[in-house]
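# Structural description and commentary
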Amino acid sequence: MSDAITFNGVSKSFGPREVLKDISFAVPTGGAYVLLGRSGSGKSVTLKLICGLLKADAGAILVNGDDITGRDSNALAPIRKHIGFLFQSAALFDSLSVGENVAFPLRRHTNKPDGEIRDQATAILEKVGLAKEFQTMPGALSGGMRKRAGLARALAMEPAILLIDEPSAGLDPITSNEIDQLLIDLHTNQHATLVVVTHNIPSARRLATRLGFLDDGHLIAEGTPEELAHSEHDIVREFMKSQQAG
Amino acid sequence: MPIATTQPPPPSVLQSFMESIAAPIEWFGGLCLFAAQAIRECFQRPFEWTEILRQTYQIGWQSAPLIVLSGLAVGSVLSMHTRATLERFGAESMIPTALAFALVKETGPLVTGLLISGRVGAGIGAELGGMRVTEQIDALESLAVNSFHYLVATRVLACVVALPLLTVLMNFSGLLGGFFAEATISGMSFPYYFHAAFGSLAFSDFIPPTAKTMVFGFLIGTTSAYLGYNASGGAEGVGRASTQSVVLSSIFLIVVNVVLVKFIAFLFPVGGA
Ligand SMILES: Nc1ncnc2c1ncn2[C@@H]1O[C@H](COP(=O)(O)OP(=O)(O)OP(=O)(O)O)[C@@H](O)[C@H]1O
Ligand SMILES: [Mg+2]
């Protein structure tokens, strides 16, 4: 099986702060990779690098075999059409209603008639439990609702690769489980490749085919949930023991 | 020059001077590259018609009330001043002509430019700055949309289109304001006033100063979009982008105006500038 995402010796700094130091890993097509690590360890930066929103200082990043390092916005567009990105902050367009946020990529990249796009957007909103919020403006949503609306927008184009930054942050356990189930469905039934950042270990165990643990700029541990639970690193074992959702 | 000391030499005056001007020069270089990219992207497909129209509506049409009101006020004040001067020479009948010249050639374009750099410059700086710090620009990119093309080129184009139209509106409102002032004082009739105002204006008096406001629009659009698009540092950064947009686009506009006036005077020596 080929790899959907490959990092080859990737480094990234912001000024003097080295966030990622020579990171290498691969996510096979159809895999579900969960990134763990303490706050500030560079998980969100890793997701942004995959989507080309940040440029690596060194190393190569391949998406479906194409090197994306050094590509500009126009050259990245064909690749990005197959990537769905849920931002940690949800990053909804605050001048558009929730429904129009979800419809936005469909309007841009398909020629479907308006009615069909609205139906499709409504159907996706239904999956994340926001069917009634089509007309609501993002400013009027709760944090958890914004997160779900952001997920709906990321799913709109039925992307082959999903980059998900903390899907369950700010969600109650029931909604959080529903979102996990949705992601598991996408993974098993639609064979989407997932890269998920989460602090929710039970959910990480359920989702992941493989996990990576970022610490101090290095990927200190990689493997299945079981392998990580018996890692040589104390911090990784301690992380994996946590039952806390969130 | 032989250097015999082992200690690092203290930073010379020249060195610290160079360091203090390096950042502004770098900033300005960035702005120039940004402006060049804006020009290139304006001509690149796909044309974002909906977004261009929406921006032109927001920048142009929604500024109309501000322009009309200011025009009326500026026109009436100008006409009162003109009257005070011309009265001394017994040349009151020249008032509409003098006012028309003053408005069309300089006051109209400049006042329009400054008003729009206030209203629109602050708006673009704050809007794009807000989108940047809340990751909405990243979100656009992640959805395979070229954010520069979609957000910046459309706004710059809308400014370039809106400025001359608003200037014409400003000129007309100014003349109307002048007429109200004049009619109150001397009872001058409307047909006479407008005949006198337009009678002596040639096309070459009107076209170059109005066309130069396209440059003003470009300056306002690129400066404020540059500041907003590259904003950082949360709400404070957005505020800074917005304020600097107004300050810098006004300054650029006033300075570039001097060059443009000279340039127009050179190209159209008879009409003068
Ligand atoms: N645009 C940026 N400019 C400067 N520094 C940044 C930028 N983005 C991230 N960083 C820095 O990179 C480091 C990693 O940030 P990142 O957002 O990836 O952390 P994270 O692992 O996602 O943490 P959290 O779990 O809290 O979301 C942080 O120290 C942060 O300060
Ligand atoms: Mg993060």
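Data block above holds the structure.
Description of the structure in this document. All values reported here derive from a predicted model rather than from experimental measurement. (Residues numbered from 1 in each chain as written. Chains lettered and ligands numbered in written order. Predicted model: local features only at pLDDT ≥ 70, side-chain atom pairs only at ≥ 80, totals over all residues. Heavy atoms only, no water.)

### Digging into the overall build of chain A
Of the regular secondary structure elements, chain A holds nine helices and ten strands. For chain A, the C-alpha radius of gyration of 18 Å lies close to 18 Å, the compact-globule estimate for 246 residues. Taken along its principal axes, the extent of the C-alpha atoms in chain A is 55 × 40 × 35 Å. Taking all 246 residues of chain A together, 53% fall into the buried category. Taking the contacts inside chain A whose residues are at least 6 apart along the sequence as the reference set, 64% of them involve residues at least 24 apart. For chain A, the exposed area adds up to about 10,600 Å²; of that, 48% sits on carbon and sulfur atoms. In chain A, 25 positive and 29 negative side-chain charges are present, and the distance between their average locations comes to 4 Å. (Helix = DSSP H or I, 4+ residues; strand = E, 2+ residues; numbered from the N terminus. Rg over C-alpha atoms; globule rule 2.2 N^0.38 Å. Buried < 20%, exposed > 50% of the residue type's maximum accessible area, 1.4 Å probe, protein only. Contact = heavy atoms within 4.5 Å. Areas by Shrake-Rupley, 256 points an atom, 1.4 Å probe, with all protein chains shown as cover. Lys, Arg positive; Asp, Glu negative; His and termini not counted. Charge placed at Lys NZ, Arg CZ, Asp CG, Glu CD.)

### What to know about the coordination of the magnesium ion (ligand 2)
Residue and element names in this part refer to chain A. Only S44 (OG) and Q88 (OE1) from the protein coordinate the magnesium ion (ligand 2), and they sit 1.9 to 2.1 Å from it. Here S44, found in helix α1 (residues 43-50), pairs with Q88, found in the loop between β6 (83-86) and α3 (98-109); they are 44 residues apart in sequence, far enough to count as distant. A residue is classified by how much of its surface remains accessible, and Q88, at 39% relative accessible area, is partly exposed. (Donors = N, O, S within 2.8 Å, 3.2 Å for Na, K, Ca; no water.)

### A word on the sheet that holds strand β1 (residues 3-14) of chain A
Residues and elements named next belong to chain A. Ordered in space as β2-β1-β4-β5, the four strands form an open sheet in which the pairing is antiparallel. What marks the edges here is a single partner per strand, and that holds for β2 (17-28) and β5 (66-67). Strand direction decides the pairing type here: β1 and strand β4 (residues 58-63), joined by five bridges, are antiparallel. If you follow T6 over to β4, its bridge partner there is L62. The sheet strands contacting α1 are β1, β2 and β4, and the helix crosses β1 at an angle near 120°. (Pairing = 2+ DSSP bridges. Axes fitted to C-alpha atoms, helices over the stretch in contact; angles between N-to-C directions.)

### Re the interface of chain B and chain A
Opposite the 16 residues of chain B that make contact, chain A presents 21 residues. A combined buried area of about 1,600 Å² lies between chain B and chain A, and 53% of that area is made up of carbon and sulfur atoms. Linking chain B with chain A are three salt bridges, by the criterion used here. The partner of E48(B) in a salt bridge is R108(A), with the nearest N and O atoms 2.8 Å apart. On inspection of chain B and its partner chain A, the count reaches eight residue pairs in polar contact (both at pLDDT 80 or more). For the side of chain B that touches chain A, the secondary structure elements donating two or more residues are α5 (136-142) and α6 (147-186) of chain B. Tallied by class, the residues present in the side of chain B that touches chain A amount to six nonpolar, six polar and four charged. (Buried area = accessible area lost by both parts, 1.4 Å probe. Salt bridge = Lys/Arg side-chain N within 4 Å of Asp/Glu carboxyl O. Polar contact = N/O pair within 3.5 Å; in protein donor to acceptor, adjacent residues only side chain to side chain. Nonpolar A, V, L, I, M, F, W, Y, C, P; charged D, E, K, R; others polar.)

### Brief notes about the site of ligand 1
Residue and element names in this part refer to chain A. As a matter of local geometry, ligand 1 sits amid 14 residues, with S39, G40, K43, S44 and Q88 nearest to it. Take G40: an N or O atom from its main chain is 2.8 Å from an oxygen atom of ligand 1. Within the backbone of S41, an N or O atom sits 3.2 Å from an oxygen atom of ligand 1. Protein coverage of the free-state accessible area of ligand 1, which is 630 Å², stands at 65%. (Near = heavy atom within 4 Å.)

### Notes on the pairing of strand β3 (residues 32-37) of chain A
Residues and elements named next belong to chain A. Of all six residues making up β3, six are buried, and the element is well covered by its neighbours. Residue alternation in β3 divides its side chains into two sets, A32, V34 and L36 and Y33, L35 and G37, and both sets are buried. Two elements, β3 and strand β8 (residues 193-197), share four bridges in a ladder whose sense is parallel. Across the sheet, residue A32 finds its bridge partner in β8, namely L194. Sheet topology note: the β3/strand β9 (residues 210-215) ladder contains five bridges and is parallel. By the bridge assignment for β9, L35 is matched with G212.

### Points about the packing of α3(A) against helix α5 (residues 143-155) of chain A
Residue and element names in this part refer to chain A. Packing of α3 against α5 leaves a shortest axis separation of 7 Å and a crossing angle of 25°. Taken together, the axes of α3 and α5 are roughly parallel relative to one another. α5 is crossed by α3, and the crossing has right-handed handedness. Along the contact surface, α3 presents V98, N101, V102 and P105, while α5 presents A149, A152 and R153. (Parallel < 35°, antiparallel > 145°, perpendicular 65-115°, else oblique. Left-handed = near helix turned anticlockwise from the far one by under 90°.)

### Focus: the packing of aromatic side chains
Under the criterion given, the structure shown has 21 aromatic pairs over all chains. Note on F34(B) and F148(B): the rings are 4.9 Å apart at their centroids and 65° apart in plane angle, and the pair reads as edge-to-face. A residue pair is termed long-range when its members are at least 10 positions apart, and F34(B) in helix α1 (residues 13-42) and F148(B) in helix α6 qualify at 114 residues. Each member of the pair, F34(B) as well as F148(B), carries the same accessibility label: buried. An angle of 45° between the planes, with centres 5.9 Å apart, marks the rings of F172(B) and F198(B) as tilted. With F172(B) in helix α6 and F198(B) in helix α7 (residues 190-199), the pair connects residues that are 26 residues apart, well separated along the chain. Residue classification places F172(B) among the partly exposed residues on the basis of a relative accessible area of 45%. The rings of F172(B), F179(B), F180(B), F190(B), Y193(B), F194(B) and F198(B) are connected pair by pair, giving a single aromatic cluster. Across from the ring centre of F14(A), 5.2 Å away, lies the NZ or CZ of K12(A), which sits over that ring. Positioned above the aromatic ring of F93(A), the side-chain terminus of R153(A) is 4.5 Å from the ring centre. (Phe/Tyr/Trp six-rings, centres within 6.5 Å; stacked < 30°, edge-to-face > 60°. Lys NZ or Arg CZ within 6 Å of the ring centre and 35° of its normal.)

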